[in-house]
Amino acid sequence: MKKPLFLLTLLALVATLSSFLRPAEGGYQVGDKAADFKLKNVDGKLVSLADNKAAKGYIVVFTCNTCPYAQAYEDRIIALNKKYAAQGYPVVAINPNDPQIAPGDSYADMQKRARSKQYAFPYLLDESQDVARTYGATRTPHVYVLQRAGSEFKVAYIGAIDNNTEDANAATAKYVEQALTEIMAGKPATTSATKAVGCGIKWKKKA
Amino acid sequence: MPATPHAMKLRFLVASLLLSALPAAAQQVRVVKLPALQQLLARPTDTTYVVNFWATWCGPCVAELPHFEQLRRRHATAKVQVLLVSLDFASQLDKKVRPFVQRHRLVAPVWLLNEPDQNAFIDKVDAGWSGALPFTLVFNNARHRRQSFEKPLTLPELETALQAVAR
């Protein structure tokens, strides 16, 4: 009787270890459980995924003030929130950049930007860059559509907002909208991961 | 490729521009589609290519461009080719990219990859690339060696990669 117990313990140990190790190896894949966080919003309050009990999911966008590609998508991010917050999928914007490297991405500049563009969604500072690392974000903008599964959230889509950065009207594939349409219909996203050019996240220089 | 009158005119124009720009002859910018880039990436010759993906709007890219120019100068006599691939929008060619190349006196060849559908081309350049800039490929197809970097590089880092791939 001792052997099976030992094997089970070993299996449990391996499973626990691998779940710890996974985010470090390039972040989330579609289907993974998304870790909650507690990050400071531009209004000074801390925001977590768990706060909004009514949310069916979230459109988490790693973005920033300074990247021209993030700027090109800013109005589209605002529009996504306008369209999908009411349907249970609000936007949560997260700035992961180190302001030492990108001074225009400081907390004060985030507050200015959120005010001048009247963000109706949280704009959070990922000061330790742990959330960006855990999720596997590499660039701005970088989107993770999350879907509620009980008290947790699962990653349903990772990637770009659409397929034309320069001209929203010329985009022939609106990836996030397509994914949300399918998710809200109870289906997995057909195109669940896309790649896009963006500004590499300004990671802190290792001490 | 047959030389059409248009192409000849263009060549004359390029030649006279190059002459007029001497001695600080900066590169002209060649606008390409993905197949031209894929062809270069697949060249089977014993040449080590250092291909840097950048954009005029990308701060860390602009900061590391001199390293690529220095690398090119240091290895000008070796079988080393440095190529700078701009991911600026093609609409910015005259307004941004050309003036930038002149101002920074870039001598390494500069291409502008005109492919608006990014999801369709990024994997074809390198499956390990997320799309973040800057991105650099160092490869030698005859020696079957290839390294990729999704981060800014220092000159010593570039030298190390070059030595590893060209050895």
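The coordinates are above.
Residues numbered from 1 in each chain as written. Chains lettered and ligands numbered in written order. Predicted model: local features only at pLDDT ≥ 70, side-chain atom pairs only at ≥ 80, totals over all residues. Heavy atoms only, no water.

Enquirer: What is the right way to look at empty space enclosed by the protein in this model?
Expert: The rolling of a water-molecule-sized probe over the atoms marks out the regions of remaining empty space. If you walk through the whole model with that rule in mind, you get 3 cavities of 30 Å³ or more. Along the walls of the largest cavity sit A:Thr63, A:Cys64, A:Ala70, A:Gln71, A:Glu74, A:Ile77, A:Ile78, A:Ala93, A:Arg113, A:Tyr119, A:Phe121 and A:Tyr123, which together make up its complete lining. The greatest single-element share of the lining of the largest cavity, amounting to 5 residues, is contributed by helix 2 (residues 68–84) of chain A. Per-class residue counts for the lining of the largest cavity are 8 nonpolar, 2 polar and 2 charged. Lining the second largest cavity are 13 residues, with A:Asp162, A:Asn163, A:Asn164, A:Ala196 and B:Gln118 sitting closest to its centre. By residue class, the composition of the lining of the second largest cavity is 5 nonpolar, 5 polar and 3 charged. (1 Å grid on protein atoms, 1.4 Å probe; cavity = no way out; pocket = protein on both sides within 12 Å on 5 of 7 lines; lining within 4 Å. Points joined across faces, edges and corners; volume = space filled by probe spheres on them. Helix = DSSP H or I, 4+ residues; strand = E, 2+ residues; numbered from the N terminus. Nonpolar A, V, L, I, M, F, W, Y, C, P; charged D, E, K, R; others polar.)

Enquirer: Got a minute to help me understand unusual backbone geometry in this structure?
Expert: What is expected of a backbone is that most residues other than glycine have negative phi and most peptide bonds are trans. The step from A:Thr140 to A:Pro141 runs through a cis peptide bond, and the omega angle for that step is -5°. For the peptide bond that leads from B:Leu133 to B:Pro134, omega is 0°, which places it in the cis range. Take B:Pro134: it is sitting in the loop between strand 5 (132–133) and strand 6 (135–140). A positive phi angle is found at A:Gln118, which is not glycine, with a value near 50°. Mapped onto the elements, A:Gln118 comes out in the loop between helix 3 (107–116) and strand 6 (123–125). On the basis of relative accessible area, A:Gln118 is assigned to the exposed category, the value being 68%. The backbone of A:Gln129 sits at a positive phi, close to 65°, despite the residue not being glycine. Mapped onto the fold, A:Gln129 is located in the loop between strand 6 and helix 4 (130–135). Assessed through its relative accessible area of 1%, A:Gln129 is described here as buried. (Buried < 20%, exposed > 50% of the residue type's maximum accessible area, 1.4 Å probe, protein only.)

Enquirer: Looking at this structure, how should I read the interface of chain A and chain B?
Expert: Quoted interface sizes are often the accessible area lost when the parts come together. The interface of chain A with chain B comprises 17 residues on the first partner and 22 residues on the second. Roughly 1600 Å² is buried in total at the junction of chain A and chain B, and carbon and sulfur atoms are behind 54% of that figure. Contact with chain B buries area across many residues of chain A, yet A:Glu166, A:Lys195 and A:Val197 alone supply 40% of it, more than any other trio. Summed over the shared surface of chain A and chain B, the number is 1 salt bridge. The partner of B:Asp123 in a salt bridge is A:Lys195, with the nearest N and O atoms 2.6 Å apart. Viewed at the interface, chain B and chain A are joined by 12 residue pairs in polar contact (both at pLDDT 80 or more). Breaking the side of chain A that touches chain B down by element, the ones donating at least two residues are helix 2 and strand 10 (198–200) of chain A. In terms of residue count, the dominant contributor to the side of chain A that touches chain B is strand 10 of chain A (3 residues). For strand 10 of chain A and strand 5 of chain B, the ladder comprises 2 bridges, and the chain directions are parallel. The residue bridging A:Gly198 from the neighbouring strand is B:Ala132, located in strand 5 of chain B. (Contact = heavy atoms within 4.5 Å. Buried area = accessible area lost by both parts, 1.4 Å probe. Salt bridge = Lys/Arg side-chain N within 4 Å of Asp/Glu carboxyl O. Polar contact = N/O pair within 3.5 Å; in protein donor to acceptor, adjacent residues only side chain to side chain. Pairing = 2+ DSSP bridges.)

Enquirer: What is the right way to read the pairing of strand 4 (residues 57–62) of chain A from this model?
Expert: Residue and element names in this part refer to chain A. Counting buried positions over the 6 residues of strand 4 gives 6, a clear majority of the element. Burial of the side chains of strand 4 extends over both faces: Gly-57, Ile-59 and Val-61 are buried on one face and Tyr-58, Val-60 and Phe-62 on the other. Strand direction decides the pairing type here: strand 4 and strand 8 (residues 142–149), joined by 6 bridges, are antiparallel. The partner of Phe-62 across the bridge, within strand 8, is His-142. When strand 4 meets strand 5 (residues 91–95), the two strands line up parallel, connected through 4 bridges.

Enquirer: Got a minute to help me understand the sheet that holds strand 7 (residues 145–149) of chain B in this structure?
Expert: The strands making up a sheet associate through backbone hydrogen bonding, with each pair oriented either parallel or antiparallel. Residues and elements named next belong to chain B. With mixed pairing, 6 strands are arranged side by side in an open sheet as 1-4-3-2-6-7. Of all the strands in the sheet, just strand 1 (29–32) and strand 7 have a single pairing partner and so form its edges. On average, adjacent strands in this sheet sit at an angle of 20° to one another, irrespective of strand direction. (Axes fitted to C-alpha atoms, helices over the stretch in contact; angles between N-to-C directions.)

Enquirer: Whenever I open this one, the state of the cysteines confuses me. Can you help?
Expert: Two cysteines joined by a covalent bond between their sulfur atoms form a disulfide. All names here are of chain A. Considering all chains together, one arrives at 2 disulfides over all chains under this definition. Note that Cys-67 is cross-linked by a disulfide to Cys-199, the S-S spacing being 2.0 Å. With the S-S bond torsion at 80°, the cross-link from Cys-67 to Cys-199 turns out right-handed. Note that Cys-67 is positioned in the loop between strand 4 and helix 2 and Cys-199 in strand 10, a separation of 132 residues in sequence. As far as burial versus exposure is concerned, Cys-67 and Cys-199 are alike and both buried. (Disulfide = S-S within 2.5 Å.)

Enquirer: Would you explain helix 6 (residues 155–166) of chain B in this entry?
Expert: Residue and element names in this part refer to chain B. Helix length check: helix 6 (12 residues) gives 16 Å between terminal C-alpha atoms against 16 Å at 1.5 Å per residue, within 8%. When we look at burial in helix 6, the residues that qualify are Leu-155, Leu-158, Glu-159, Ala-161, Leu-162 and Val-165. One side of helix 6 carries all its buried residues, which in axial view fall inside an arc of 165°. Set apart from the buried face of helix 6 by more than 90 degrees, the exposed residues are Pro-156 and Thr-160. Looking at the buried positions of helix 6, the neighbouring elements they touch are strand 2 (48–54), helix 3 (59–74), strand 3 (80–86), strand 6 and strand 7. (Expected span 1.5 Å × (residues − 1). Arc of directions from axis to C-beta.)

Function cannot be read off these values alone, since they describe shape.
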